[in-house]
Amino acid sequence: MSDFAIGESEFLLDGKPFRILSGALHYFRIHPDQWADRIEKARLMGLNTIETYVPWNAHSPRRGVFDTTGMLDLELFLRRVAEAGLHAIVRPGPYICAEWDNGGLPAWLFRQPGVGVRRYEPQYLAAVGEYLSEVLRIVRPLQVDQGGPVLLLQVENEYGAFGNDSTYLKWLVELFRAEGITVPLVTVDQPEDAMLTAGGIDGVLRTGSFGSRSVERLSTLRTHQPTGPLMCMEFWDGWFDHWGGPHHTTSATEAAAELDALLSAGASVNIYMVHGGTNFGLTNGANDKGVYRPTITSYDYDAPLDEAGRPTAKFHAFREVIARHAPVPPLPDFDQVVPTPEFSAELGEPIRLLDRPDNWGTWRAHDELPTLDDLDTQFALYRTQVDVDGPAVLALGEVRDRAHVFLDGDPVGVLSREDHDRAITLPRGGRLDLIVEDQGRVNYGARIGEPKGLIGPLQVGAHTPSAWQTLAIDLDAVPELWKDTLPSAAGVGPTAYRASFTVEEATDLFLRTDAWGKGFAWINGFCLGRYWRRGPQHTLYIPGPALRAGTNELVVLELDTLSDPTARFAPDPDLGPTDL
């Protein structure tokens, strides 16, 4: 057991000065069989601490559930950190941002009428209390003064950019302490006076988040934190990408120089990210600052360890800087794995959604237009009958986020939130189908928690359809479609395909998607995430542990057009310029 404390100007570990050299690793973005590898490489870069967020919505997809299996085993992750001889920082939010769906806040939370968002409101506080009780039950025995690795916990996350409810922040501190958290607590905000004032809590150490002008920003932080250690809790060494934009990179040399300036000033640091990982499944977030921009599947972040955990030039540049300020372990020769040559497999056995939708889910009837939140899904088929004599305009209040429109099975067009589409002309009356995709909930700003799907009113000319059928589609069940559904001829509309391929050993691969349109992919039932031809991402990362030596199965759900039914597997990622 050790004692960790905040001193007059430094952190103190067992009474001796201790500089935190940390890197962010999100256990929920990394296959658990790869946690130890990523942690060890962070140690080899010279770090002594690993930091992670905790995503409330992933652990609690429904109220009363707290899942800690597989990629959500926080306790096992922290024990892996301890086994590597490193310390840990835990940032449980409840809001985390992190370019993660809804900033980590569960969608069910906002279905309660009048619920507050990140403020002192009874319904919100009750839900937060349930969540933090579960998280802190795991963390409590793993604190450094209990013989575990955890040095610090963070309260909320960049709160000064959102609100100024000091009563709410104080309530969180009291909850942490009541749940047995005895190690120091911190807050984090961007180093601006207004944010540090609104997001800070008296008696709790303030830290900053920035990636440049380190000396200047530490000076601003010091005016709000007159005593105690200076720390950059998020040293931004890269950035995230959105669909249709460029792949962001930063100069390894310039980033290393900023890190050197920060460490030369005597500050502690948490490098965000040391390894970004992947937004597997449908976990990516989005931004909306006038235009909706969903985040891509890769969370490579141009970090020192790339999406597949391989050291980059930034890894070596950062290690060289850290070596000037602290001892670093010897660097072994990393295994020179001979990359698997590119190979291919043919996708076939198409199952078209609009051919036999009954096999994709269960129909529900509605008297008025429901949202995706009402259906508790992220992907759904909406159906109604439109009775008009000729062409008519279909108009909606809003589309969140993308709706494919079909009339009697024929494609009419696409309504896209990103393009502010709210209307489309139908050539006639008939059976109207809308296939709606939630492309990721906003994770930053005022639109956190907003409903998803079709937002009414919906009119076709002067007619307002009132009889709706909906089919909520469980995407996790798509790889099982072939058990009960016979393949059909490929046609228009969302279609699932599958292919088998063989590998000699389970090793990391990348699935090329540049010849496809837009959709999702699974390997052996494990959802790799979304793909979209517009880029900048043209491959999906396949973690080696998701494969098996011998025969494997790929399933693809294509929403637009699969112009080439060939699945190509490559040894390297493709995060390049956009194809706009």
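Residues numbered from 1 in each chain as written. Predicted model: local features only at pLDDT ≥ 70, side-chain atom pairs only at ≥ 80, totals over all residues. Heavy atoms only, no water.

Thoughts on the overall build of the protein chain
Helix and strand counts for the protein chain come out as 10 helices and 31 strands. Reported as C-alpha extents along the three principal axes, the dimensions of the protein chain are approximately 80 × 55 × 40 Å. The buried share of the protein chain, taken over its 580 residues, is 60%. Sequence separation of 24 or more characterises 77% of the internal contacts of the protein chain that already satisfy a separation of 6 or more. Surface exposure of the protein chain reaches about 21,600 Å², of which carbon and sulfur atoms provide 49%. Between the averaged position of the 50 positive side-chain charges in the protein chain and that of its 80 negative side-chain charges there is a distance of 2 Å. (Helix = DSSP H or I, 4+ residues; strand = E, 2+ residues; numbered from the N terminus. Buried < 20%, exposed > 50% of the residue type's maximum accessible area, 1.4 Å probe, protein only. Contact = heavy atoms within 4.5 Å. Areas by Shrake-Rupley, 256 points an atom, 1.4 Å probe, with all protein chains shown as cover. Lys, Arg positive; Asp, Glu negative; His and termini not counted. Charge placed at Lys NZ, Arg CZ, Asp CG, Glu CD.)

What about the pattern of salt bridges?
For the coordinates displayed, the defined rule picks out 44 salt bridges. A salt bridge links R63 to E130, with the shortest nitrogen-to-oxygen separation between them at 2.8 Å. Residue R63 is found in the loop between α2 (56-59) and α3 (74-83), and its partner E130 is found in helix α4 (residues 122-139); the two are separated by 67 residues along the sequence. Accessibility expressed as a relative area gives 39% for E130, which makes it partly exposed. (Salt bridge = Lys/Arg side-chain N within 4 Å of Asp/Glu carboxyl O.)

A short note on the packing of helix α8 (residues 252-264) against helix α9 (residues 313-323)
When two helices pack together, their arrangement is given by the angle between their axes and by how far apart the axes lie. Running from amino to carboxyl end, α8 crosses α9 at an angle of 25°, the nearest separation of the two axes being 9 Å. When the interaxial angle is binned, α8 and α9 end up roughly parallel. Where α8 crosses over α9, the handedness of that crossing is right-handed. Judged by residue contacts, A252, A255, A256, L259, D260 and L263 of α8 engage A313, K314, A317, F318, V321 and I322 from α9. In the contact of α8 with α9, the residues fall into 10 nonpolar, no polar and two charged. (Axes fitted to C-alpha atoms, helices over the stretch in contact; angles between N-to-C directions. Parallel < 35°, antiparallel > 145°, perpendicular 65-115°, else oblique. Left-handed = near helix turned anticlockwise from the far one by under 90°. Nonpolar A, V, L, I, M, F, W, Y, C, P; charged D, E, K, R; others polar.)

Some points on α3
Listed in full, the buried residues belonging to α3 are L74, F77, L78 and V81. Taken down its axis, α3 places every buried residue within 95° of arc, on the same side. Its buried side turned inward, α3 meets β4 (21-25), α1 (35-44), β5 (49-53), β6 (87-91), α4 and β7 (150-154). Note on α3: the residue one or two positions beyond its end, G85, has a positive phi of about 80°. (Arc of directions from axis to C-beta.)

Quick word on helix α7 (residues 214-224)
Taken together, the buried positions of α7 are S214, R217, L218, T220, L221 and H224. On an axial view of α7, the arc spanned by its buried residues comes to 155°, and they lie on one face. Residues of α7 that are exposed and point over 90 degrees away from its buried face: V215 and T223. Residues of α7 that are buried sit in contact with α6 (193-199), β9 (205-210), β10 (231-236) and α8.

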